[in-house]
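Summary of the model geometry
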Amino acid sequence: MKVDNWQWEGAEIEKKSGAGNKRIGLFGGTFNPIHLGHLRGAEEIREAFRLDEVIFIVASIPPHKGKEKVIEAKHRLKMVSLAISGNLHFSTSDIELSRSGNSYSIDTIRFFRERHPKSLFFILGRDAFVEIETWREFQKLFSLCHFIVMARPGSQKNNSSSFLPEALKPYFRYDSQEKGWIHLSEYRIYFKEISFLDISSTKVRELIEKRESVKYLVPAEVEAYIHKYGLYQKSP
Ligand code: ATP
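1. Some remarks on the pattern of salt bridges
Inspection of the entire model under this criterion finds nine salt bridges. Lys169 serves as the salt-bridge partner of Glu166, at 2.8 Å between the closest nitrogen and oxygen. Given the relative accessible area of 58%, Glu166 is considered exposed. Taking the shortest distance from any N to any O, the salt bridge between Arg188 and Glu186 comes out at 3.6 Å. Look at Arg188 and you get buried, because its relative accessible area is 8%. Salt bridges here are not isolated pairs; linked through shared partners, they connect Arg173, Glu186 and Arg188.

Right, here's the structure in full:
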């Protein structure tokens, strides 16, 4: 197995956080619907950072998305459950669904932080990260847990300061040994290149609307569920 800096760094954090303390990744998303890009990304990150568990957090009413296109949370949650059922390291949480109103990552992180204060990693794609300044209390987020930003292959080197939004730069320093950005709180932001399959939920929804196949873009169980409930079909 290739031992790279990410795994080495992971070992360091584990030592600091103490034996027996689980390394938890939180992977938030609308998952409208979940697709193989999400699953492959989560698996690559789990392996690279030696996470014990990746928890898929289904957002209820995403503040950044037009509500009209997002189907009921119970369907999205069920599809996530079906998609992850074969992976012992994956689980899902409905924590954001049990809250009334919009769901905010900061509240979710605070909830899990109480249980895993030192070994908590929030996972998101670069596309989501570039909008982080629009997130609630975004400055505060980085003092609560580590962040892992999944990047497409061939994207800029991870020491490029252009990865960080301007508003964050005063609060971070780059550590060339660790190859990571370190917050004043000592939590890190890691930029990790992954395969990043060229799949999006938008693409899946568009194909379904056009009555075209989504086979091999979503797990077979998810495809069957979508057809069973007639999800994402254009209303006549
Ligand atoms: P939409 O097309 O509706 O905007 P999406 O495919 O981006 O949806 P989300 O549920 O919004 O899916 O994404 C959840 C998280 O997964 C985000 O952090 C996003 O950046 C990341 N992500 C989305 N697509 C991929 C992919 N193909 N590979 C890895 N991560 C992805």
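2. Some remarks on unusual backbone geometry
Cis rather than trans, the peptide bond between Asn32 and Pro33 has omega equal to 0°. By the secondary structure assignment, Pro33 is in the loop between strand E1 (24–29) and helix H2 (36–48). Of note, the phi angle at Arg50 is positive, near 45°, even though the residue is not glycine. Looking at the secondary structure, you find Arg50 in the loop between H2 and strand E2 (53–58). Here Arg50 falls in the partly exposed class, since its relative accessible area comes to 34%.

3. Some details on the packing of aromatic side chains
In the structure shown here, the tally under the stated rule is 14 aromatic pairs. Note on Phe142 and Phe147: the rings are 4.7 Å apart at their centroids and 45° apart in plane angle, and the pair reads as tilted. The two residues Phe142 and Phe147 agree in class, both being buried. Geometry around Phe111 places Arg115 over its ring, the cationic atom sitting 3.8 Å from the centre.

4. A look at H2
Between its terminal C-alpha atoms H2 stretches 18 Å, which fits the 18 Å expected from 13 residues at 1.5 Å a residue. Taken as a whole, H2 has its buried residues at Gly37, His38, Leu39, Gly41, Ala42, Glu44, Ile45, Arg46 and Ala48. After H2 finishes, the residue Arg50 shows a positive phi value of roughly 45°.

5. Regarding the packing of helix H3 (residues 73–84) against helix H9 (residues 220–229)
In the contact formed by H3 and H9, the axes pass within 8 Å of each other and the chain directions differ by 150°. The orientation of H3 with respect to H9, classified from their angle, is roughly antiparallel. H9 is crossed by H3, and the crossing has right-handed handedness. For the pair formed by H3 and H9, the contact residues are His75, Lys78, Met79, Leu82 and Ala83 on the first element and Glu221, Val222, Tyr225, Ile226 and Tyr229 on the second. A per-class count over the contact of H3 with H9 returns seven nonpolar, one polar and two charged.

6. Considerations on the environment of Glu53
Looking at where Glu53 falls in the secondary structure, it is placed in strand E2. The spacing of Glu53 and Ser91 is 38 residues in sequence and 7.2 Å in space, taken between C-alpha atoms. Discounting residues that sit within four places of it in the chain, Glu53 has contacts with Lys22, Arg23, Ile24, Gly25, His89 and Ser91. A distance of 3.5 Å separates a polar atom in the side chain of Glu53 from a polar atom in the side chain of Lys22.

Procedures and definitions
- Counting of residues starts from 1 at the beginning of each chain's written sequence and follows it residue by residue.
- Per-residue local features of the predicted model are confined to residues with pLDDT of at least 70, and side-chain atom pairs are confined, for both listing and counting, to 80 or more; whole-chain, interface and lining totals are unaffected and use all residues.
- To obtain the side-chain values, all non-hydrogen atoms of the structure were included, while hydrogens and water were left out.
- Here, a salt bridge means any Lys or Arg side-chain nitrogen found within 4 Å of an Asp or Glu carboxyl oxygen.
- Remark: exposure states derive from per-residue accessible area (1.4 Å probe, protein chains only) relative to the maximum for the residue type, with buried under 20%, exposed over 50%, and partly exposed in between.
- Helix numbers and strand numbers start at the N terminus; a helix is a DSSP run of H or I with at least 4 residues, a strand a run of E with at least 2.
- Working definition: a ring pair exists when centres of Phe, Tyr or Trp rings (six-membered ring for Trp) sit within 6.5 Å. Plane angles under 30 degrees give stacked, over 60 give edge-to-face, the rest tilted.
- Only lysine NZ and arginine CZ atoms are considered, and such an atom sits over a ring when it is within 6 Å of the ring centre and within 35 degrees of the ring normal.
- Expected span of a helix: the number of residues minus one, times 1.5 Å.
- To get an axis, a line is fitted to the C-alpha atoms, and for a helix only the part in contact is used. The angle between two axes follows their N-to-C directions and goes from 0 to 180 degrees.
- Working definition: roughly parallel below 35 degrees, roughly antiparallel above 145 degrees, roughly perpendicular at 65 to 115 degrees, and oblique for all remaining angles.
- In a left-handed crossing the near helix is turned counterclockwise from the far helix by less than a right angle, and in a right-handed crossing that turn is clockwise.
- Throughout, a residue-residue contact means that at least one pair of heavy atoms, one from each residue, lies within 4.5 Å.
- Three residue categories are used. Nonpolar comprises Ala, Val, Leu, Ile, Met, Phe, Trp, Tyr, Cys and Pro, charged comprises Asp, Glu, Lys and Arg, and polar comprises the others, including Gly.
- Polar contact criterion, stated in full: a pair of N or O atoms within 3.5 Å, where within protein one must be able to donate a hydrogen and the other to accept it, and residues adjacent in sequence count only if both atoms are side-chain atoms.

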